[in-house]
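Here is what each chain is made of, one letter per residue.
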Amino acid sequence: QVQLVESGGGLVQAGGSLRLSCAASGRTFSSYAMGWFRQAPGKEREFVAAISWSGGSTYYADSVKGRFTISRDNAKNTVYLQMNSLKPEDTAVYYCAAGKTVVTTQEWEYDYWGQGTQVTVSS
């Protein structure tokens, strides 16, 4: 069992930055691939970024490539999402997820989800 708690969301102006954190419980964190997803009002949840258990492989949605960076610290059981050059269309609830797989962009392959943190980007 893995419990995930996101933090770091908030209100920011367009062009600004935020860093989301996701703290995981359990001693097996380092064996899980981690991902970030987001859901905007009235839209389906979508993939944002993923990182392998070792941190050696990362994947990004085209919409955030070059602006967002996913990283992890296995010693701290934490995964991060650094978000730069934020746009109003990045406004959403951001969720982190853990999957017992190498690394994946597919929502269905993630087994555990956090409760989400709101990110609002004003224009």
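Report follows, based on the coordinates.

Rules used throughout
- Residues numbered from 1 in each chain as written.
- Predicted model: local features only at pLDDT ≥ 70, side-chain atom pairs only at ≥ 80, totals over all residues.
- Heavy atoms only, no water.
- Phe/Tyr/Trp six-rings, centres within 6.5 Å; stacked < 30°, edge-to-face > 60°.
- Helix = DSSP H or I, 4+ residues; strand = E, 2+ residues; numbered from the N terminus.
- Buried < 20%, exposed > 50% of the residue type's maximum accessible area, 1.4 Å probe, protein only.
- Lys NZ or Arg CZ within 6 Å of the ring centre and 35° of its normal.

1. Digging into the packing of aromatic side chains
- If you walk through the whole model with that rule in mind, you get five aromatic pairs.
- The interplanar angle of 75 degrees and the centroid separation of 5.7 Å between the aromatic rings of Phe37 and Phe47 together place this pair among those described as edge-to-face. Taken as a pair, Phe37 in strand S4 (residues 33–39) and Phe47 in strand S5 (residues 46–51) lie far apart in primary sequence, ten residues in all. Accessibility assignment for this pair places Phe37 and Phe47 in one class, buried.
- Here the aromatic rings of Phe37 and Tyr110 are separated by 5.3 Å at their centres, their planes lie at 80 degrees, and the arrangement is edge-to-face. Here Tyr110 lies in the loop between strand S9 (92–99) and strand S10 (112–113) and Phe37 lies in strand S4, a separation of 73 residues in the sequence. Here Phe37 and Tyr110 have matching classes, each one buried.
- Here the aromatic cluster, defined as three or more aromatic residues joined through ring pairs, consists of Phe37, Phe47, Tyr110 and Trp113.
- Over the ring of Phe29 we find Arg72, and its NZ or CZ is 4.5 Å from the ring centre.

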